[in-house]
Amino acid sequence: MTADTSTASLAFTVTRNPAAVEPARRAELLREPAFGTVFTDHMVGITWTEQDGWHDARVQPYGPLALDPAAAVLHYAQEIFEGIKAYRHADGSVHTFRPDQNGARIQRSARRLALPELPVDVFVQSLRELIAVDGDWVPSGADQSLYLRPFMFASEPFLGVRPAHEVSYYVIASPVGAYFKGGAKPVSIWLSEDYARAGKGGTGAAKTGGNYAASLLPQAEAYEQGCDQVVFLDQDRNVEELGGMNIVFVRKDGTLVTPASDSILEGITRASLLQLARDRGHAVEQRPVSIDEWREGVASGDIVEAFACGTAAVVAPIGVLKGRDFTLEQPAGTLALSLREELTDIQYGRREDRHDWLLRLDA
Ligand SMILES: Cc1ncc(COP(=O)(O)O)c(C=O)c1O
């Protein structure tokens, strides 16, 4: 499949939602939205066909999609998505964080899933177009944001196993507050020994639905074990990541260590936190980290902190790692929370954006 990089921008048609939520009801919905349960009045849609490339770019009322039951995505899971937030600053303006990175990542995911590549400029434009009509849905409360969910799938009705000739891209948006109830309190992690999330040469580095489907059963096992989240190992017993977050370890000398692997999702939150740590003079190592190194590091006092990170939850310190035959109490440190504060200060416009990570969406 060839990359469609020729289209730098598309003309969007806008159809307003005649049944848009009243401002008073919206204010009520924005007060304490549970993650991913409330959606805005509109969505963006763009269609791709082998013949015409990307076309029919539109903002339309949020609502159910009409899909042919033979749509290839329903059978062969040719699907990818992204997750990125819009933040309201104190002056009322709306900004997003490193959208070029999400745009580049959805292109990498597209390549792996044999989907067409949406030009990064069009990806960013699609976020702008949605904020232009639904900007009032960006909440202004502490730790609140508008979670933007771009996704792309094989909409061609065809039961043969090959890349679809018709693909749909949408962006929906959902106002959110803190991901974990109780804010940034330490989470407990279940070590999945029976199930893998990804394999060598598989789709682990792509943001594709199948990876998340594969994580649901081990995540259920984590809940049964009284844990919040699950962590996965690779075939060599190296730590990969959680179901939806990357993992970082802090050593006694201040070095941050995080798994390097081509079967984990390259998190934009992790890359940004590591940059902030480097700016403070911390060394950063990206290399395989075995589960034994983690356990022995905690036992010897060499690993003083571990945390998970991702767009939805930002940073979650790890308090406990539980395996089939052990429980590891991971000591709490202060670096994770301090990096979290610095990152969220930048995202919410409370601190200088010295790396030029923010992009204003509403102007
Ligand atoms: C499997 C997985 N790993 C890591 C991350 C973190 O990525 P990011 O920081 O870009 O949100 C995510 C998504 O949030 C994810 O789904």
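The shown structure was predicted, so the numbers you read here are calculated from the model rather than taken from an experiment. (Residues numbered from 1 in each chain as written. Predicted model: local features only at pLDDT ≥ 70, side-chain atom pairs only at ≥ 80, totals over all residues. Heavy atoms only, no water.)

Right, let's talk about the packing of helix 3 (residues 99–112) against helix 4 (residues 120–134) for a bit. Their axes nearest at 9 Å, the elements helix 3 and helix 4 cross at an angle of 120 degrees. For the element pair helix 3 / helix 4, the angle class is oblique. Handedness of the helix 3/helix 4 crossing: right-handed. Here Pro-99, Asp-100, Asn-102, Gly-103, Ala-104, Ile-106 and Gln-107 of helix 3 come into contact with helix 4, specifically with Val-120, Phe-123, Val-124 and Leu-127. Considered class by class, the residues forming the contact of helix 3 with helix 4 number seven nonpolar, three polar and one charged. (Axes fitted to C-alpha atoms, helices over the stretch in contact; angles between N-to-C directions. Helix = DSSP H or I, 4+ residues; strand = E, 2+ residues; numbered from the N terminus. Parallel < 35°, antiparallel > 145°, perpendicular 65-115°, else oblique. Left-handed = near helix turned anticlockwise from the far one by under 90°. Contact = heavy atoms within 4.5 Å. Nonpolar A, V, L, I, M, F, W, Y, C, P; charged D, E, K, R; others polar.)

Bringing the pairing of strand 8 (residues 166–176) into the picture now. Most of strand 8 sits inside the fold, with ten of its eleven residues counted as buried. In terms of strand pairing, strand 2 (residues 42–49) meets strand 8 through six bridges, oriented antiparallel. Bridge pairing links Val-44 to Val-171 in strand 8. Across ten bridges, the pairing between strand 7 (residues 145–154) and strand 8 is antiparallel. Residue Leu-148 lies in a different strand from strand 8, and its bridge partner there is Ala-173. (Buried < 20%, exposed > 50% of the residue type's maximum accessible area, 1.4 Å probe, protein only. Pairing = 2+ DSSP bridges.)

Along its sequence, the protein is organised into domain 1 (13–176) and domain 2 (187–347). Taking only C-alpha atoms into account, the centre of domain 1 sits 27 Å from that of domain 2. Interface of domain 1 and domain 2: buried area, both sides summed, is about 1,700 Å²; carbon and sulfur atoms make up 57% of it. On the domain 1 side of the contact with domain 2, Phe-81, Phe-97 and Arg-105 bury the most area, a combined 33% of that side's loss. Between domain 1 and domain 2 we count zero salt bridges in total. In this structure, the connection of domain 1 to domain 2 is made through twelve residue pairs in polar contact (both at pLDDT 80 or more). Among the secondary structure elements, those contributing two or more residues to the side of domain 1 that touches domain 2 are strand 4 (79–81), strand 5 (84–88) and helix 3. Sorting elements by how many residues they give to the side of domain 1 that touches domain 2 places helix 3 first, with six residues. In the side of domain 1 that touches domain 2, the residues fall into nine nonpolar, five polar and eight charged. (Domains from an automatic or database assignment. Buried area = accessible area lost by both parts, 1.4 Å probe. Salt bridge = Lys/Arg side-chain N within 4 Å of Asp/Glu carboxyl O. Polar contact = N/O pair within 3.5 Å; in protein donor to acceptor, adjacent residues only side chain to side chain.)

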